Amino acid sequence: MIPIPPGVHVWLATGRTDMRKGFDSLAQQVQEILGHDPHGGHLFVFRGRRGDLVKVIWHDGVGMSLYVKRLERGWFIWPAPSGGCVAISGPQFAYLFEGIQEYPLC
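Parameters and conventions
Residues numbered from 1 in each chain as written. Predicted model: local features only at pLDDT ≥ 70, side-chain atom pairs only at ≥ 80, totals over all residues. Heavy atoms only, no water. Pairing = 2+ DSSP bridges. Helix = DSSP H or I, 4+ residues; strand = E, 2+ residues; numbered from the N terminus. Axes fitted to C-alpha atoms, helices over the stretch in contact; angles between N-to-C directions. Core = buried A, V, L, I, M, F, W, Y, C linked by side-chain atoms within 4.5 Å. Buried < 20%, exposed > 50% of the residue type's maximum accessible area, 1.4 Å probe, protein only. Phe/Tyr/Trp six-rings, centres within 6.5 Å; stacked < 30°, edge-to-face > 60°. Lys NZ or Arg CZ within 6 Å of the ring centre and 35° of its normal.

Participant: Whenever I open this one, the sheet that holds strand β1 (residues 10-13) confuses me. Can you help?
Facilitator: In a beta sheet, neighbouring strands pair by backbone hydrogen bonds and run either parallel or antiparallel. Spatial ordering of the open sheet is given by β4-β3-β2-β1-β5, a layout of 5 strands whose pairing is mixed. Both outer strands of the open sheet, β4 (64-70) and β5 (85-88), are each paired with one neighbouring strand and no more. Going across the sheet, the axis of each strand differs from the next one's by a mean of 25°, ignoring polarity. Pairing of strand β2 (residues 43-47) with strand β3 (residues 53-59), which is carried by 5 bridges, proceeds in the antiparallel orientation. Each bridged residue has a counterpart across the sheet, and for V45 the counterpart in β3 is V56.

This is the structure:
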């Protein structure tokens, strides 16, 4: 599990993301498409086309981290692609990242 410090926001990038992207491409997407600072200390979560893979980028003040998780069965629940990104709470992210199929969105 990713240790989420208090006050850190978790942003889901709505829609699909090319999962071949790495640090630089995802950080660029955060900045240009989502309109956030990728080095601001918040978590940014991206989902692939099939829905069974997510990537999370996070700058902890020292360096950028990239987390990847793929589910063996099922898929990650994701919001409809409108508005670029959706904020969720730390507990909601924990449910999502653990692959729990039902969790309350706001």
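This is not the end of the story, as more comes after the structure.
Participant: Is there a simple way to explain the nonpolar core in this structure?
Facilitator: Across soluble globular proteins, nonpolar side chains show a tendency to be buried alongside one another. In terms of nonpolar packing, the biggest core is built from 16 residues, with I2, L43, V45, V56, W78, F93 and L96 touching the most fellow members. One finds M19, L34, F44 and L53 within the second-largest nonpolar core, a separate group that totals 12 residues.

Participant: Help me understand the packing of aromatic side chains in this model?
Facilitator: Any aromatic ring pair is given by two values, namely how distant the centres are and how the planes are angled relative to each other. Taken as a whole and assessed by the stated rule, the structure comprises 1 aromatic pair. Seen from their ring centres, F93 and F97 are 5.3 Å apart, and the 25° between their planes marks the pair as stacked. Of the two residues, F93 and F97 both sit in helix α2 (residues 90-97), 4 residues apart, roughly one turn of that helix. The ring centre of F97 lies 5.2 Å from the NZ or CZ of K69, which sits over that ring.

The analysis is restricted to geometry; functional conclusions fall outside its scope.
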